[in-house]
Each structure stands twice: as structure tokens, then as C-alpha cells.
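A structural walkthrough
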Amino acid sequence: CGRTPDEAMRLVPLLFSLCGTAQSLAAVEALEAALGLDARPHTAARALLADAESVTNHAWQVLMDWPARLGEALQPKEVAGLRAAVTAIHPALYPARDGLRPGGGSLRPDRAALTAAIATLREGVERAVFAGPAPTDGTALERWAGAGATPAARLTHRVLTPVMAGFGACDVPALEPHPAFWFGERLSADAAFSEVPRQDGAPAHTGPLARQSAHPLVAGLLARHGTGLAAHTAARLVELAGLAERLTTWAERLDDAEPAPDTGTARRGAGSGVVETARGRLAHWLRLEDGRIADCRIVAPTEWNFATDGPLAQGLAGASANGALAERTGLLVAALDPCVASVITIQDED
């Protein structure tokens, strides 16, 4: 608050070390709505940037967090290779690296560089995560998990066991893919919505499971085990396996584009923006007065998934306090994926 739009956009990626690109995209969309800028020619490029960042966030979970939970060696080199490919995408879209500014930058897609980066991402995921093609149905998933060729497969094998598969299942519904104005109406009307968001007056969950619930593999696990560990794990794997194809689709829709013309007349107004991150749906709302941000509110996926009556709380309610509780709870927290550090403490009481 108090910053000009340009100052704000320089700060956003510095303030948010996780999902910095998605945070910038949500902020810039909100600014453009407030300023009356039409940046639709940049839609495909921005979707490509957001999905590319999701690859690295999912990969961190699968290649760093999951092996740690198995007591196995982490895979930082594989993560670094994927991040290098993702880092190459922005300059391949915007040579001047000006894509994350109100109105968009000078979009000049380097199709050869984009094809190479996407191929690196696809090959890296197939090698490190799946050791081959990704499973597409329940039978293939069980076969892949049983073979245990990668840490991801071995953790999935553990999660598919009867005592694990349904752990954390609850009746909290998925967050619908609401448009930006839906969030803007609520954030502007009630500052508390950013900390305690509600959908139809109730909690909701957001993230891979909300997005992939209709995929046959995920739908089958949901029918058998509910929204427990098995469904969460499969949803993340399905999403990671399909991201390279999504990136290719966005790349095929690219055309050269110039920044949206800024007449300089809009000095007051309000706007909102939304972006799907690896963790779920992120929303920004802001209001401009005299060319500066007078108010700014954000609701992040963590506020949905870790609400006091949200999917974690309801998923843990009634859980047996046996020796496996710490491990299962850790897996559920990781599945819901907070964007801040977390610690699990189990306190015995009479």
C-alpha cells in the first residue's frame, strides 16, 4: 500500500520467494483491471509461465520431500535441471524480460528455445519421477508403485496401502474455479476473507486434487478412498505428468504482441486477479487512489487448506493416536502443501 503500480510489481517477486511468478501474475492482472489495460494478447504466455513454475513446485515435493519421508537420498540435481529449464522460458517469451509488468511486455516467442525447454522438462519428469511413461489408470498406478523404480513410486506404494489410502478423507468440497471478480467481490467487501475464506459459507480445499478430480485415475481413488492420501498423491502425479503437454498447448497459441497501451488517465479504480499455482488458486485484489495502491488483499491456497475447519482439520478429526499418526499427518500436511514452514506436534493428554 502506498506504492505506485511499477514499484509494487518490483516488490512482489521479492516478497514471495515461493510462487513468485504466480504472485506477480495475480498482482499484475489486478493492476490491469484497475488501470483498464487490455492484456489479453499475453494470456497464453502468462499461462505458460504459471504452469512452468508449477512444474518446479511439484518437482520439489516429489524429488525432495518424498525421498526425505522415505529416509532416502534427495534429488537436488534433478530439481536444479528442471528449474534451469523453467528459468529459460521467460526470456524465450520476452527477450527484454519485461513480461511481468502491467500491460505486458514485448512478446517475441523463441519457438526453438521454448521447444527445447519443454522437452527438457518432459524428459526430466519422466526420468526422475516415473522412470518411464506415467501411469494413466489405477491398475497401471499399482503396477508402477509396486515396481518401486523411483522414490515417487515407493512413496506411492506406501500411500496405497489400506491403512494409508483413506487417511485424511473428509467432506470438505473442492474450491470451484471461480473467476477473478468472485474473489474481488469478497476481498473488497471483507478484509477477513483473506484469512478466513469461505465458499457458500463453508470451507473448501484447493490444489491438485480439486483440479484433477475428474481424471479417471484420481476419480477411481476418490470413489474407493475419498479425499485421502491416495487421491492427493495421485492427483499431484497426474498433474505433474500432464504439465509438459499443457506447456506445449500454450506455446502453440503464442503470437507476437506489444504491451497494452497505457493512456495514463486511470489513476483510481479497483481490480482483481487469479492464478492457479501448484498449491491451489491464488487471488489478489487491490484499489488505486491517485495513482497509488490504497488497499491490497490476498487470499492464498494455504488459507483454504489449513483453515481451522478446513480439509486438514477435518481430515485429522477422529484419527487414531497410534504410532503411525505422526507419519500419516506429515504426509497429509505435505499433500495439502502449506506455503510456510510447518511443524507437527503430538501432545498426549489424559
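The coordinates are above.
Residues numbered from 1 in each chain as written. Predicted model: local features only at pLDDT ≥ 70, side-chain atom pairs only at ≥ 80, totals over all residues. Heavy atoms only, no water.

1. Notes on the pairing of strand β3 (residues 292–299)
Put simply, the rule is: DSSP bridges decide pairing: two strands pair if at least two such bridges lie between them. Each helix is a run of DSSP H or I of at least 4 residues and each strand a run of E of at least 2, with the numbering of both proceeding from the N terminus.
In the sheet, strand β2 (residues 280–289) pairs with β3 via seven bridges, with the strands oriented antiparallel. By the bridge assignment for β3, Glu289 is matched with Arg292. The hairpin turn running from β2 into β3, its antiparallel successor, is two residues long, and Asp290 in that turn takes a positive phi close to 55°.

2. Looking at empty space enclosed by the protein
We apply this condition: A cavity here means a set of 1 Å grid points, computed over protein atoms only, where a 1.4 Å probe fits but cannot escape. A pocket is an open set with protein on both sides within 12 Å along at least 5 of 7 lines, and lining residues have an atom within 4 Å of a point. Grid points are joined across faces, edges and corners, and a volume is the space filled by probe spheres set on the points. All residues other than Ala, Val, Leu, Ile, Met, Phe, Trp, Tyr, Cys, Pro, Asp, Glu, Lys and Arg, Gly among them, are scored as polar; the first ten of these are nonpolar and the last four charged.
Evaluation of the coordinates by the stated rule reveals two cavities of 30 Å³ or more. Within this model, the largest cavity holds a volume of roughly 70 Å³. Lining the largest cavity are Gln61, Trp66, Leu155, Val159, Leu229, His232, Thr233, Arg236, Leu331, Ala334 and Ala335. Every element with two or more residues in the lining of the largest cavity is listed here: α3 (43–70), α8 (151–159), α13 (229–252) and α16 (325–336). Looking at the lining of the largest cavity element by element, the count peaks at four residues for α13. Its residues assigned to classes, the lining of the largest cavity comprises seven nonpolar, three polar and one charged.

3. Re the side chain of Asn305
Selection criterion: Burial classes: relative accessible area under 20% of the type maximum marks a residue as buried, over 50% as exposed, and values in between as partly exposed (1.4 Å probe, protein chains only). The term polar contact refers here to a pair of N or O atoms within 3.5 Å; inside protein, the definition further demands a hydrogen-donor-capable atom paired with an acceptor-capable atom, and it admits residues adjacent in sequence only when both atoms are side-chain atoms. We call two residues in contact whenever any of their non-hydrogen atoms come within 4.5 Å of each other.
Within the secondary structure, Asn305 is located in helix α14 (residues 301–305). A relative accessible area of 0% places Asn305 in the buried class. Looking at Asn305, its side chain comes within polar contact range of the main-chain nitrogen of Thr206, at 3.0 Å. Sequence-distant contacts of Asn305, defined by excluding residues within four places in its chain, comprise Ala204, His205, Thr206, Arg279, Gly310, Pro311, Leu312 and Leu336.

4. So, a nonpolar patch on the surface
For the record, the criterion: Residues qualify for a patch when their relative accessible area is over 30% and they have no salt bridge, like charges being joined within 9 Å and the nonpolar side chains of Val, Leu, Ile, Met, Phe, Trp and Tyr within 5 Å. Each accessible area is a Shrake-Rupley estimate made with a 1.4 Å probe; only the visible protein chains count as cover when residues are assessed. The term salt bridge refers to a pairing of a side-chain nitrogen on Lys or Arg with a carboxyl oxygen on Asp or Glu at a separation within 4 Å.
Together, Leu11, Leu14 and Leu15 give the surface a local cluster of nonpolar side chains, amounting to about 320 Å² of exposed area. One can find Leu15 in helix α1 (residues 5–15). The class for Leu15 is exposed, based on a relative accessible area of 62%.

5. Quick word on α13
Quick reminder of the rule: Multiplying 1.5 Å by the helix residue count minus one yields the expected span of that helix. Fitting axes to the seven residues that end at a residue and to the seven that start at it, the angle between those axes gives the bend at that residue.
Taking 1.5 Å as the rise per residue, α13 with 24 residues should run 34 Å; its terminal C-alpha atoms sit 35 Å apart, in good agreement. The largest bend in α13 is about 40°, located at Leu243. Of all 24 residues making up α13, 17 are buried, and the element is well covered by its neighbours.

6. Remarks on the side chain of Asp51
Assignment of secondary structure puts Asp51 in helix α3. On the accessibility criterion, Asp51 (7% relative accessible area) is buried. Contact partners of Asp51, with chain neighbours within four places excluded, come to Leu243, Arg246, Leu247 and Trp250.

7. Looking at the sheet that holds β3
Basically, it comes down to this: Axis geometry follows a simple rule: fit a line to the C-alpha atoms, using only the stretch in contact for helices, then measure angles between N-to-C directions, giving values from 0 to 180 degrees.
What the three strands build is an open sheet, ordered β1-β2-β3; its pairing is antiparallel. Bordering the open sheet on either side are β1 (269–277) and β3, each of which pairs with just one other strand. When the angles between neighbouring strand axes are averaged without regard to direction, this sheet yields 15°.

8. Quick word on the packing of α1 against helix α2 (residues 20–35)
Our working definition: Oblique is the label for any angle not under 35 degrees, not over 145, and not in the 65 to 115 range, which are roughly parallel, roughly antiparallel and roughly perpendicular in turn. Crossing handedness is defined as follows: a turn of the near helix away from the far one that is anticlockwise and smaller than a right angle gives a left-handed crossing, while the clockwise case is right-handed.
Look at α1 against α2: their axes get within 8 Å of each other, and the N-to-C directions meet at 165°. Our classification of the angle between α1 and α2 gives roughly antiparallel. At the point where α1 passes α2, the crossing takes the right-handed sense. In contact with Pro5, Met9, Val12 and Pro13 of α1, α2 contributes Gly20, Gln23, Ser24, Ala27, Val28, Leu31 and Leu35. Grouping the amino acids of the contact of α1 with α2 by side-chain chemistry returns eight nonpolar, three polar and no charged.

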